[in-house]
Amino acid sequence: MSMAEQARATLRANDRGGYSVPTARLYPFQWNWDSAFVAMGWATFDEDRAWQEIHWLLKGQWDDGMIPHIVFHAPSDDYFPGPAVWGVMHAPPTSGITQPPVLAAAVRHLWDHARDRAAAEANAASVYPSLLCNHRWWQAARDPQRHGLVATLHPWETGMDNSPAWDGPLARVPTETVSPIRRRDTMLVDAAMRPRGEEYQRFIHLVDLFRDAGWEPARMLSVSPFRVADVGTNAILLRAEKDLLALARRFGSVPQQAEIETRIERISAALERLWQEEAGLYVSLDLVTHALCPVGTSAGFLPLFAWHGQARAARLAATLAAWGGRATRLVPSADPGFAGFEPKRYWRGPVWAVVNWMIADGFATVGNAGTASRIRTDTIALIETAGLSEYFEPISGEGIGGADFSWTAAIYLMWCGGGS
Ligand code: GLC
């Protein structure tokens, strides 16, 4: 079987009748940003199924516009924390926090690349109001004072759970939990490739805290000891707003377009506050201490994915080249020169295909085809050598974490799935 065939077989195997699980057992529900990438992967061979992925994710959307990071469509004992720990009143049950808003970019991608134009028009028109409502939620709930950067209240919201960028802010979170911790992930994957026990205790402490706050956005924002302006989330949101604007020109009103343009201007201006000259990349901001997070991570290249920071593209490419001198394969999730770099541990070193796709897209749009092509070639080589793993060791190229991963399959298909 060719790798493209394997990737399609993986998506089919992870299909649960309209939505995809990231991989069987380890992640038995629908995850927010995974589904956005997975929809683009499905679109390479089954557009109708791609749109279903999005409609299923939106079944989890809250009335206030929030799109949860997990939608628990069907029960499973394989994952902790499940719906009872979250204690959210919603049907279907969901978590109470969100994830980076890749969704609008995915919808625009499906709409732009559609072979079935009529279906794409109908589907995009039907999801446009949900996307608009979601972007309004980001601003109202996470940037109520309109500083321009949205706050992230839990490392899981960044999608990069144990990134070294969160070490400082996470240290403020107590390790005591009300909910007993019953980790399942370390029964399925080597514990050395997963977050540490203490990090997990802090993750669950935050869940307990927010559940006590009734999942009410203003209360969550004020009680959370973890409050960061994640460069990844803000860059992805800026890109999402630009894609939403394109959709608004077709499906929305003139005032809606103006509203989106205002948010684009505000985020663009604020994102520049995250540039770190000495490190040669963007970093996250701790909103409690107002200090920039000192560690460079792969998220620091994502402003390019938002077609932002063109003037800094050459410097970003040089930073990436320096990282490439220490790692065999780009893009490690943390600066390989950083003392706490751990090439096998989740978001503290390994390469993730979805992040590579976004960074390569960014370099390609600003006209740096060479860097974009190096990232693409590295990603394809990793997958073709090691399989459709959750993530990859950047020096040995070993495939690690869970196997048969939906979003890794999706990225492979987007880059190599043209023919069947
Ligand atoms: C992990 C990753 C997160 C992803 C989820 C499902 O929690 O850190 O980014 O969405 O797994 O694949």
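The structure we're discussing is the one just above.
Residues numbered from 1 in each chain as written. Predicted model: local features only at pLDDT ≥ 70, side-chain atom pairs only at ≥ 80, totals over all residues. Heavy atoms only, no water.

J.: Teacher, can you tell me more about the overall build of the protein chain here?
T.: Tallying secondary structure elements over the protein chain gives 17 helices and eight strands in all. For 420 residues, the compact-globule estimate of 2.2 N^0.38 gives 22 Å, and the protein chain sits close to it at 20 Å. Projected onto its principal axes, the C-alpha coordinates of the protein chain cover approximately 50 × 50 × 45 Å. Taken across its 420 residues, the protein chain has 62% of its residues classed as buried. Restricting the contact set of the protein chain to residue pairs at least 6 apart, pairs at least 24 apart contribute 71%. About 14,600 Å² of surface is accessible on the protein chain, with carbon and sulfur atoms providing 53% of the total. If you average the places of the 38 positive and of the 45 negative side-chain charges in the protein chain, the two averages end up 1 Å apart. (Helix = DSSP H or I, 4+ residues; strand = E, 2+ residues; numbered from the N terminus. Rg over C-alpha atoms; globule rule 2.2 N^0.38 Å. Buried < 20%, exposed > 50% of the residue type's maximum accessible area, 1.4 Å probe, protein only. Contact = heavy atoms within 4.5 Å. Areas by Shrake-Rupley, 256 points an atom, 1.4 Å probe, with all protein chains shown as cover. Lys, Arg positive; Asp, Glu negative; His and termini not counted. Charge placed at Lys NZ, Arg CZ, Asp CG, Glu CD.)

J.: It is not clear to me how the packing of aromatic side chains should be interpreted in this structure. Could you clarify?
T.: What characterises a pair of aromatic rings is the spacing of the ring centres plus the angle enclosed by the ring planes. The final tally for this structure, using the stated rule, is 30 aromatic pairs. Between the aromatic rings of Trp-166 and Phe-226, the centroid separation amounts to 6.0 Å while the plane-to-plane angle is 80°, which identifies the pairing as edge-to-face. Residue Trp-166 is located in the loop between helix 7 (155-158) and helix 8 (167-171), and its partner Phe-226 is located in the loop between helix 11 (217-223) and strand 3 (228-229); the two are separated by 60 residues in the primary sequence. Both residues of the pair, Trp-166 and Phe-226, count as buried. (Phe/Tyr/Trp six-rings, centres within 6.5 Å; stacked < 30°, edge-to-face > 60°.)

J.: I'm lost on the site of the ligand in this one. Help?
T.: By nearness alone, every residue bordering the ligand is listed as Pro-22, Tyr-27, Trp-31, Trp-33, Asp-34, Gln-99, Gly-159, Asp-161, Tyr-346, Trp-347, Phe-405 and Trp-407. Trp-33 has a polar side-chain atom sitting 3.1 Å from an oxygen atom of the ligand. Gln-99 has a polar side-chain atom sitting 2.9 Å from an oxygen atom of the ligand. When the ligand is considered free in solution it has 310 Å² of accessible area, and contact with the protein chains removes 96% of it. Placement of the ligand is best described as lying within the largest cavity. Of the residues belonging to the shell around the ligand, the class tally is eight nonpolar, two polar and two charged. (Near = heavy atom within 4 Å. Polar contact = N/O pair within 3.5 Å; in protein donor to acceptor, adjacent residues only side chain to side chain. 1 Å grid on protein atoms, 1.4 Å probe; cavity = no way out; pocket = protein on both sides within 12 Å on 5 of 7 lines; lining within 4 Å. Sits in = over half its atoms within 2 Å of the grid points. Nonpolar A, V, L, I, M, F, W, Y, C, P; charged D, E, K, R; others polar.)

J.: How do you make sense of the environment of Trp-138 when you look at a structure like this?
T.: Mapped onto the elements, Trp-138 comes out in helix 6 (residues 117-142). Once residues within four sequence positions are removed from consideration, Trp-138 is found in contact with Thr-98, Gln-99, Pro-101, Asp-143, Val-150, Ala-151, Thr-233 and Leu-237.

J.: What is the right way to read the environment of Gly-232 from this model?
T.: Here Gly-232 lies in helix 12 (residues 231-251). According to the relative accessible area criterion, Gly-232 is buried, its value standing at 2%. Distance from Gly-232 to Glu-47, taken between C-alpha atoms, is 28 Å for residues 185 residues apart in sequence.

J.: In this structure, what is going on with the layout of surface pockets? I would like to understand it.
T.: It is the rolling of a water-molecule-sized probe over the atoms that shows where space remains empty. The calculated volume of the largest pocket comes to roughly 290 Å³. Along the wall of the largest pocket there are 14 residues; nearest its centre are Asp-143, Gln-145, His-147, Arg-227 and Leu-287. Taken together, the residues of the lining of the largest pocket sort by class into seven nonpolar, three polar and four charged. Its volume calculated, the second largest pocket comes out at about 250 Å³. Taken together, 15 residues line the second largest pocket, and the ones lying closest to its centre are Met-40, Thr-44, His-109, His-113 and Met-414. Elements that contribute at least two residues to the lining of the second largest pocket include exactly helix 2 (32-43), helix 5 (103-113) and helix 17 (406-416). A per-class count over the lining of the second largest pocket returns eight nonpolar, five polar and two charged. (Points joined across faces, edges and corners; volume = space filled by probe spheres on them.)

J.: Explain empty space enclosed by the protein to me, please; I cannot follow it from the model alone.
T.: For the coordinates displayed, the defined rule picks out six cavities of 30 Å³ or more. Lining the largest cavity are 19 residues, and of these Tyr-27, Trp-31, Gln-99, Asp-161 and Tyr-346 lie nearest its centre. Of the residues contributing to the lining of the largest cavity, the split by class is twelve nonpolar, three polar and four charged.

J.: What is the right way to look at the packing of helix 2 against helix 17 in this model?
T.: Helix packing geometry: the angle between the two helix axes and the distance between the axes. Contact geometry of helix 2 with helix 17 gives a least axis separation of 8 Å together with a crossing angle of 35°. Considering how the two elements wind past one another, helix 2 and helix 17 form a crossing that is left-handed. Contacts from Trp-33, Asp-34, Phe-37, Val-38, Met-40 and Gly-41 in helix 2 reach Ser-406, Trp-407, Ala-410, Ile-411, Leu-413 and Met-414 in helix 17. Class assignment of the residues belonging to the contact of helix 2 with helix 17 gives a composition of nine nonpolar, two polar and one charged. (Axes fitted to C-alpha atoms, helices over the stretch in contact; angles between N-to-C directions. Left-handed = near helix turned anticlockwise from the far one by under 90°.)

J.: Can you walk me through the side chain of Asn-14 in this structure?
T.: Along the chain, Asn-14 turns up in the loop between helix 1 (3-13) and strand 1 (30-31). Looking at Asn-14, its side chain comes within polar contact range of the main-chain oxygen of Asp-404, at 3.0 Å. The residues contacting Asn-14, other than those within four sequence positions of it, are Tyr-19, Ser-20, Val-21, Pro-22, Thr-23, Ala-24, Asp-404, Phe-405 and Ser-406.

J.: What exactly am I supposed to notice about helix 13 (residues 254-271) here?
T.: Helical geometry: 3.6 residues make up each α-helical turn, so side chains three or four residues apart lie on a common side. Relative to the 26 Å expected for 18 residues at 1.5 Å per residue, helix 13 spans 26 Å between its end C-alpha atoms, a close match to the ideal helical length. Where helix 13 is concerned, the buried positions are Gln-257, Ile-260, Arg-263, Ile-264, Ile-267, Ser-268, Ala-270 and Leu-271. Down the axis of helix 13, the smallest arc covering the buried residues is 165°, so these residues share one side. For helix 13, the exposed residues set more than 90 degrees away from the buried face come down to Val-254, Pro-255, Glu-265 and Ala-269. (Expected span 1.5 Å × (residues − 1). Arc of directions from axis to C-beta.)

J.: Help me understand the pattern of salt bridges, please; the structure alone is not making it clear to me.
T.: Should the charged atoms of two oppositely charged side chains come close, the side chains can pair. Taken as a whole and assessed by the stated rule, the structure comprises 30 salt bridges. With a shortest N-O distance of 3.4 Å, Glu-261 and Arg-249 are connected by a salt bridge. A residue pair is termed long-range when its members are at least 10 positions apart, and Glu-261 in helix 13 and Arg-249 in helix 12 qualify at twelve residues. Glu-261 sits in the partly exposed class, given a relative accessible area of 32%. With a relative accessible area of 54%, Arg-249 lands in the exposed category. For Glu-342, the salt bridge goes to Arg-348, with nearest N and O atoms at 3.1 Å. Just as Glu-342 is buried, Arg-348 falls in that class too. What emerges from the salt-bridge pattern is a single network uniting Asp-167, Arg-196, Glu-199, Glu-342, Arg-345 and Arg-348. (Salt bridge = Lys/Arg side-chain N within 4 Å of Asp/Glu carboxyl O.)

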